[in-house]
There are 2 protein chains.
Amino acid sequence: MKIIIYEDDYKLRQSLSLLIDGTKGYSVIGDFPNCENIEKEVKTLQPDVILMDIDMPVVNGIEGVEKVKAHFPDIKILMHTVFDDNDKLFACLKAGADGYLLKKTPPVKLLEALQDIYTGGAPMSPGIARRVLSTFHQLNSAKNKYGLTKREKEILLLLTEGYTYKAISAECHISMDTVSTHLRNIYNKLHVNCGTEAVAKAIRERLV
Amino acid sequence: MKIIIYEDDYKLRQSLSLLIDGTKGYSVIGDFPNCENIEKEVKTLQPDVILMDIDMPVVNGIEGVEKVKAHFPDIKILMHTVFDDNDKLFACLKAGADGYLLKKTPPVKLLEALQDIYTGGAPMSPGIARRVLSTFHQLNSAKNKYGLTKREKEILLLLTEGYTYKAISAECHISMDTVSTHLRNIYNKLHVNCGTEAVAKAIRERLV
DNA sequence: TGAAAAATCACAGAAAACTGTGATTTCGTG
DNA sequence: CACGAAATCACAGTTTTCTGTGATTTTTCA
């Protein structure tokens, strides 16, 4: 397994390099203090895995991830950082990071994580994984917090699909005035003033 | 750590129970073939962790998760299943599962996962974790596949927030006709016919 | 610096959406 | 069965949105 390390702290970079390169099966083929020339470095060295800090001068880790993933989506990137706030975390995940470890992770776990990511896993520190999963949780909950009726949901759904009042009336076999009434009630229940706002709210809060 | 097992296969249930209960620090306080009376069982036994199969007769694991999490959100639930398709996976996560292991997981890893979930982690089989992370990936990509200009994105954003043409014209210090023109171009680029449809597409595809 | 892209404005008619007010019918449940 | 919630319809007036057509100015970039 060929590894590159990006880490601005010189001593830490050396320690990591020693630890990893000194373990059988792992080979550190490069280490750098920031992502300024990451494209060239990756292209030249062709690593399997990149161990990536976030907070680095000049070009930070998140930009680094974007650059690498744009050209080499198969190279795995393991974030290694002190940040455990949601903003940084999800920015990394969106950029395409394949794993996310906090720096307090013990060396043994770090080596395991490298192995894991190399073989198709997605290692995360415990709290991080929990945070990621919890983004899925509420998706279902509070499903009907606005008290929409069955018919109202049906009509709101059609509205989100671009149906006009007339088209809805045809689809539901009711008069346009009835559609109008339903939508009026929907707008009141959602506390919005027009169709576009209702659609936005419906999709954002997954009401449909 | 007090554990309940839900698993319809009698022999597997016995094996799991023996394995886990026979390990120091783990205590299996109940095992059942389905989730029919899960609320009562959980209330009576007060487990720390539930090991949950999905495909069970009468009341399946996903419904089980929903029932437990509705009343006891702090009890951790580790899914243990042969299914590795996205539908089942995300259904479980939305229901509130805290971890997801495939049945091919070796016993040692299963015990580790129980420990992990108990201490606030979210253990997942390698491929599963990868699948979960990849849902975040594309969120950024194809950002501008419709070729919207800066101004167009700005106006589309306002539209999704419920601004009328008039309000947009005020906000952007341009005439209503210009707003009209911009939106006309936006609708063309997005291949939609009206504002609501554009808003729906913009939010669904995260253009704004 | 010259062509293309982006942003701006104008006018006008047609279509659609929104609001107010009021009423009837259907349906499920205590 | 009675009651309330849900669903239905009607009418009318106002506002907003959409479409067609055409044009000018500003910016960007090869």
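Up top is the structure these notes are about.
Predicted, not measured: the structure shown is a model, and the values here were computed from it.

Reading guide: rules and limits
Here the residue numbering is sequential within each chain, running from 1 through the sequence in written order. Throughout, the order in which chains and ligands are written sets their labels, letters from A for the former and numbers from 1 for the latter. pLDDT decides what is reported in this predicted model: residues at 70 or higher carry local features, side-chain atom pairs at 80 or more are listed and counted, and totals for whole chains, interfaces and linings draw on all residues regardless. Values shown for side chains rest on all heavy atoms present in the structure; no hydrogens or waters enter the calculation. Numbering of helices and strands runs from the N terminus, with a helix taken as a DSSP run of H or I at least four residues long and a strand as a DSSP run of E at least two residues long. Helix span is expected to be 1.5 Å times the residue number reduced by one. Accessible area is worked out with a 1.4 Å probe on protein chains only. A residue is then buried under 20% of its type maximum, exposed over 50%, and partly exposed in between. Note that the arc is defined by the directions from the helix axis to the C-beta atoms. In this analysis, two residues are considered to be in contact whenever any of their non-hydrogen atoms come within 4.5 Å of each other. Any pair of Phe, Tyr and Trp rings, taking the six-membered ring for Trp, is counted once the centres come within 6.5 Å. Such a pair is stacked with planes under 30 degrees apart, edge-to-face with planes over 60 apart, and tilted for the rest. Put simply, a charge is over a ring when the Lys NZ or the Arg CZ is close to the ring centre, within 6 Å, and near the line of the ring normal, within 35 degrees. For this description, a residue counts as near a given molecule or strand if any of its non-hydrogen atoms is within 4 Å of it. Each polar contact in these results corresponds to two N or O atoms within 3.5 Å; when the atoms are within protein, one needs to be able to donate a hydrogen and the other to accept it, and residues that are neighboring in sequence are counted only if both atoms are side-chain atoms.

J.: So what's going on with helix α9 (residues 176–190) of chain B? Which residues, and what values?
T.: Residue and element names in this part refer to chain B. Counted at 1.5 Å a residue, the expected span for α9 with its 15 residues is 21 Å, and the 21 Å between its end C-alpha atoms agrees. Here α9 has its buried residues at V179, H182, L183, I186, Y187 and L190. Along the axis of α9, the buried positions cluster into a sector of 140 degrees, meaning they face one direction only. When the buried face of α9 is taken as reference, the exposed residues oriented beyond 90 degrees from it are D177 and N188. Residues of α9 that are buried sit in contact with α7 (150–160), α8 (165–172) and α10 (195–204).

J.: Describe the packing of aromatic side chains, listing the residues and the values that go with them.
T.: As enumerated under the stated definition, the model contains five aromatic pairs over all chains in all. Summarising the aromatic geometry, the rings of A:F136 and B:F136 are spaced 6.3 Å apart at their centres and angled 75 degrees between planes, so their arrangement reads as edge-to-face. Taken as a pair, A:F136 in helix α6 (residues 126–137) and B:F136 in helix α6 (residues 126–137) lie in two separate chains rather than in one. Note on A:F136: relative accessible area 8%, which makes it buried. Of the aromatic side chains, those joined through ring pairs into one cluster are A:F90, A:F136, B:F90 and B:F136. Between A:K88 and the ring centre of A:F83, over which it is positioned, the NZ or CZ distance is 4.2 Å.

J.: Before we move on, could you go through the protein's contact with DNA strand C and cite the residues and values that matter?
T.: Close to DNA strand C lie 17 residues, the nearest being A:Y165, A:R184, A:G195, B:T149 and B:S175. A breakdown of the atoms of DNA strand C within 4 Å of the protein gives sugar and phosphate a share of 58%. Residue B:T149 places a side-chain N or O atom 2.2 Å away from a phosphate oxygen belonging to DNA strand C. Residue B:S175 places a main-chain N or O atom 2.7 Å away from a phosphate oxygen belonging to DNA strand C. When residues of the surface near DNA strand C are traced back to their parent elements, those giving at least two are α8 (165–172) and α9 (176–190) of chain A together with α9 of chain B. Here the surface near DNA strand C takes four residues from α9(B), the largest share from any one element.

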